[in-house]
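Given next are the chains, with one letter for each unit.
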Amino acid sequence: MDDYISGWQDWTQAFEDWHDVTISELHGLISGVLSVCDAPSEQEWQLLLTELSFTELEPKALEIVTEEGEDMVAVLTDDADSYQFMPLLPDDDHPLYERLMALKNWANGFLTGFGVTDSALRPEENSLFNDLAKIGALRIDAYDEALQGTDNAEGEVEYMELLEFVRMIPVSVSQGRVRKSVAKLPLIAGFAMNRPVGKAKRLMRSIWILLSSYGMMNSIGKQKKIPMMILLPIWL
């Protein structure tokens, strides 16, 4: 898809001075959140990203995120249109290396975003998330000449297979879920500490809050590791 049609060019310009994570990783995070949640307002997006220790978005960038969120929820909640979902990635005119890195970043962002929603994985989703985590952990050699152009036929086929798998995950995850309000997520609203839980779960909940407070999410954009807080909501 063309950079202008996909929105890649608009996102690149809007986030030109924002370097916390790549735009693909941010889009993945948004997708992970919106696989479960209703589209937030501008204020709710700003608050959520602030709680994740991201730098505050400029008005144009915040507008793009908010509009993308509204469009994404509309697509994912429409059985006829949901299969049209696409991650935010550079078009085929970009070297294969750039597109693979963007896909990897998007996968990590999605895992982060879903973890933020405090949602449990359904049994059939375990293998999907395991495979997505593998994509997020791909080792991509920046000096591999085969990845520096757009004429690697075998590589292009493999990339398209990965892309097709990745883009269907939000479609699958969003189906059959009761949607949440971002404003009521524990990261923003805080845990209901009077909720009866065992000692182990109370400890894990405290760790979840601690990791959020210290901005662990911000560091994974640089380290490309799956944060513990993705797993913790599954155990609570």
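Refer to the structure presented above.
Cut-offs applied
Residues numbered from 1 in each chain as written. Predicted model: local features only at pLDDT ≥ 70, side-chain atom pairs only at ≥ 80, totals over all residues. Heavy atoms only, no water. Axes fitted to C-alpha atoms, helices over the stretch in contact; angles between N-to-C directions. Helix = DSSP H or I, 4+ residues; strand = E, 2+ residues; numbered from the N terminus. Parallel < 35°, antiparallel > 145°, perpendicular 65-115°, else oblique. Left-handed = near helix turned anticlockwise from the far one by under 90°. Contact = heavy atoms within 4.5 Å. Nonpolar A, V, L, I, M, F, W, Y, C, P; charged D, E, K, R; others polar. Polar contact = N/O pair within 3.5 Å; in protein donor to acceptor, adjacent residues only side chain to side chain. Phe/Tyr/Trp six-rings, centres within 6.5 Å; stacked < 30°, edge-to-face > 60°. Buried < 20%, exposed > 50% of the residue type's maximum accessible area, 1.4 Å probe, protein only. Lys NZ or Arg CZ within 6 Å of the ring centre and 35° of its normal. Arc of directions from axis to C-beta.

### Details of the packing of helix α7 (residues 126–136) against helix α8 (residues 153–174)
When two helices pack together, their arrangement is given by the angle between the helix axes and by the axis-to-axis distance.
Alright, step 1. The interhelical angle for the contact between α7 and α8, taken along N-to-C directions, is 135°, at an axis separation of 11 Å. Judged by the inter-axis angle, α7 sits oblique to α8. For the pair α7 and α8, the sense of crossing is left-handed. Only L162, F165, V166, I169, S172 and V173 of α8 make contact with α7, whose side of the interface consists of L128, F129, D131, L132 and I135.
Alright, step 2. Its residues assigned to classes, the contact of α7 with α8 shows nine nonpolar, one polar and one charged.

### What about unusual backbone geometry?
Alright, step 1. Positive phi is not limited to glycine here, since S53 has a value of about 70°.
Alright, step 2. Here S53 lies in the loop between α4 (42–51) and α5 (59–76).

### Things to note about the side chain of H94
Alright, step 1. As for its placement among the helices and strands, H94 is situated in the loop between α5 and α6 (96–116).
Alright, step 2. Side-chain polar atoms of H94 contact the side chain of E98, separated by 2.9 Å.

### With respect to the packing of aromatic side chains
Alright, step 1. The tally for this structure, following the rule as stated, stands at seven aromatic pairs.
Alright, step 2. A ring pair is formed by F15 and W18, whose centres lie 5.5 Å apart and whose planes are at 70°; its orientation type is edge-to-face.
Alright, step 3. Accessibility expressed as a relative area gives 9% for W18, which makes it buried.
Alright, step 4. Aromatic rings pair up to connect F85, W106, F110, F114 and F129 into one cluster.
Alright, step 5. A cation over a ring is seen here: R99 above Y159, with NZ or CZ 5.2 Å from the ring centre.

### So, α7
Alright, step 1. For α7, the full list of buried residues reads F129, L132, A133, I135 and G136. On an axial view of α7, the arc spanned by its buried residues comes to 155°, and they lie on one face.

Spatial relationships are all this shows, so hold off on functional conclusions.
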